[in-house]
Amino acid sequence: MNVVVKGKQASRSEAPILVIAPHSTFLDGGIIYATGFPSIIVRRESGTNPYIGKLINFTQPVYVWRDDPDSRQNTIKEIISRATSDLDWPQILIFPEGTCTNRSCLITFKPGAFYPGVPIQPVCIRYPNKLDTVTWTWEGPSALKLLWLTLTQPYSYCEIEFLPVYVPNEEEKRDPKLFANNVRAVMAKALGVPVSDYTYGDCKLMARAKEMNLPNSTSLVEVQKLRHRLNLHQANVEENLLNSNISCTNCSRISFVEFCKLLNLSPNDHATQHLFRLYDKSCTGVIDFREYLLGVLALSNSRTTLDAVKLACKVRNICY
């Protein structure tokens, strides 16, 4: 592995936090060595790994329990405490995307690294290899297969570029999301890639939809965003519709007007029109309402695959 370092790493006094992107492979862990073993933000499961767990613990990490509702707040408090402390803590290293992508864009940065409001140093990482054997995402080869493919190459390249320290202004200090978006824009420009509004949660949702073999799974992230814009999630409209005695004579072919009537939406709202078009891919003017109900209701965090099967039966009963 030929690692090329560009730029100069700032000291902790200049930038208590290092922000690394894009995150695309388990090989990104090598940047911990290249940056002098800073403290990392990492899943608790990684710390129990028999192969790398002890190495992770050596960096005095901040562990995250993704399924613990209090973990996020506790993690933010610990980041703020260390980043603003006068004690001799190491720098904090964070992959703000929170998940692996294929490096074609930068997805939404989580704001955790930006809550302390301290100067941060953006660090770009690239793998300019003719054959990509390292990218490890939600779909595609397994980690072991990628490791094997990488080991069959005579050599691989990795570039680590330290960008100038980003000092937040007063507005960015008050708004961590603005701070995160502005840093992401700087890094995207340096990498020559676009930005995307997808988040770790969106990736998790799409993966779960595909695992459950739900219809229109690739569009369900956008569907959920439109539902939020239309306040359908707060009113539990689809859930109430399913539990009511309402039925449609042919739910496999409902028009836009019927769709609006069932969900109590304005036909003049662009979000409503867009939501309908996501299911009307053939531009026939009708959609299968069963697919819509199953897709938006089966992805509830509290539902298992068995619950989704029961839900499908319930949808069938009201849609005859």
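Definitions and limits used
- Think of each chain on its own: its residues are numbered from 1, step by step along the sequence as written.
- Owing to the predicted nature of the model, reporting of local features is limited to residues with pLDDT of at least 70; listing and counting of side-chain atom pairs is limited to 80 or more, with chain, interface and lining totals taken over all residues.
- Remark: hydrogens and water are excluded; side-chain values derive from all non-hydrogen atoms of the structure.
- Axis lines are fitted through C-alpha atoms, for helices just across the contact stretch, and the angle between N-to-C directions can take any value from 0 to 180 degrees.
- Helix and strand labels come from DSSP, where a helix needs a run of H or I of at least four residues and a strand needs a run of E of at least two; each type is numbered from the N terminus.
- Geometric relationships in this document are graded by angle, where less than 35 degrees denotes roughly parallel, more than 145 denotes roughly antiparallel, 65 to 115 denotes roughly perpendicular, and other angles denote oblique.
- Handedness of each helix crossing follows the sense of rotation of the near helix against the far helix: counterclockwise by less than a right angle gives left-handed, clockwise gives right-handed.
- A contact between two residues is defined here by any heavy atoms of the two lying within 4.5 Å.
- At least two bridges found by DSSP between two strands are what make those strands a pair.
- Each helix should span, by expectation, one fewer than its residue count multiplied by 1.5 Å.
- Buried, partly exposed and exposed residues are distinguished by accessible area as a fraction of the type maximum, computed with a 1.4 Å probe on protein chains only: under 20%, between the cut-offs, and over 50%, respectively.
- In this description, the arc belongs to the directions extending from the helix axis to the C-beta atoms.
- Think of a 1 Å grid over just the protein atoms. A cavity is a set of points where a 1.4 Å probe fits yet cannot get out, a pocket is an open set with protein on both sides within 12 Å along at least five of seven lines, and lining residues have an atom within 4 Å of a point.
- Grid points are joined across faces, edges and corners, and a volume is the space filled by probe spheres set on the points.
- The start and end points of each domain follow an automatic or database-based domain assignment.
- Accessible-area loss on putting two parts together, using a 1.4 Å probe and summing over both, is the definition of buried area adopted here.
- Salt bridge criterion: a side-chain nitrogen from Lys or Arg within 4 Å of a carboxyl oxygen from Asp or Glu.
- In the analysis that follows, any N or O atom pair within 3.5 Å is treated as a polar contact, provided that within protein one partner can donate a hydrogen and the other can accept it, and provided that, for residues neighboring in sequence, both atoms belong to side chains.

Student: Help me understand the packing of helix H9 (residues 220–229) against helix H13 (residues 270–279) in this model?
Tutor: Axis separation between H9 and H13 bottoms out at 10 Å; the angle between their running directions is 155 degrees. One element, H9, and the other, H13, form an angle in the roughly antiparallel class. Along this stretch, H9 crosses H13, giving a crossing that reads as left-handed. For the pair formed by H9 and H13, the contact residues are Leu220, Glu222, Val223, Leu226 and Arg229 on the first element and Ala271, His274, Leu275, Leu278 and Tyr279 on the second.

Student: Mind showing me how you'd approach the pairing of strand S3 (residues 39–43) here?
Tutor: Side-chain positions along a regular strand alternate between the two faces of the sheet. Note that S3 and strand S5 (residues 92–94) share 2 bridges and pair parallel. Across the sheet, the residue bridging to serine 39 is isoleucine 92, located in S5. When S3 meets strand S4 (residues 62–64), the two strands line up parallel, connected through 3 bridges. The partner of isoleucine 41 across the bridge, within S4, is valine 62.

Student: Whenever I open this one, helix H7 (residues 176–191) confuses me. Can you help?
Tutor: Each turn of an α-helix holds 3.6 residues, which means side chains three or four residues apart point in the same direction. End to end, H7 covers 22 Å across 16 residues, agreeing with the expected 22 Å (1.5 Å per residue, within 8%). The set of residues buried in H7 consists of Pro176, Phe179, Ala180, Val183, Arg184, Met187, Ala188 and Leu191. On an axial view of H7, the arc spanned by its buried residues comes to 165 degrees, and they lie on one face. Where the residues of H7 are buried, they touch strand S2 (17–21), strand S6 (120–126) and helix H6 (170–174).

Student: Looking at this structure, I do not really get the layout of surface pockets. What am I missing?
Tutor: Over the atoms rolls a probe the size of a water molecule, and its path tells where empty space is left. Each pocket or cavity is described by its volume, and for the second largest pocket that value is around 380 Å³. Viewed by domain, the lining of the second largest pocket spans two of them, domain 1 (2–197) and domain 2 (202–316), each represented by three or more residues.

Student: Would you explain the domain arrangement of the protein chain in this entry?
Tutor: When the parts of a complex come together, some accessible area is lost, and that lost area is often taken as the interface size. Domain annotation for the protein chain reports domain 1 (2–197) and domain 2 (202–316). Its C-alpha centre places domain 1 at a distance of 36 Å from the equivalent point of domain 2. Facing 5 residues of domain 1, the contacting portion of domain 2 comprises 6 residues. For the pair domain 1 and domain 2, the two sides together bury roughly 400 Å², of which 58% comes from carbon and sulfur. The interface formed by domain 1 and domain 2 contains 0 salt bridges. The interface formed by domain 1 and domain 2 holds 0 residue pairs in polar contact (both at pLDDT 80 or more) in total.

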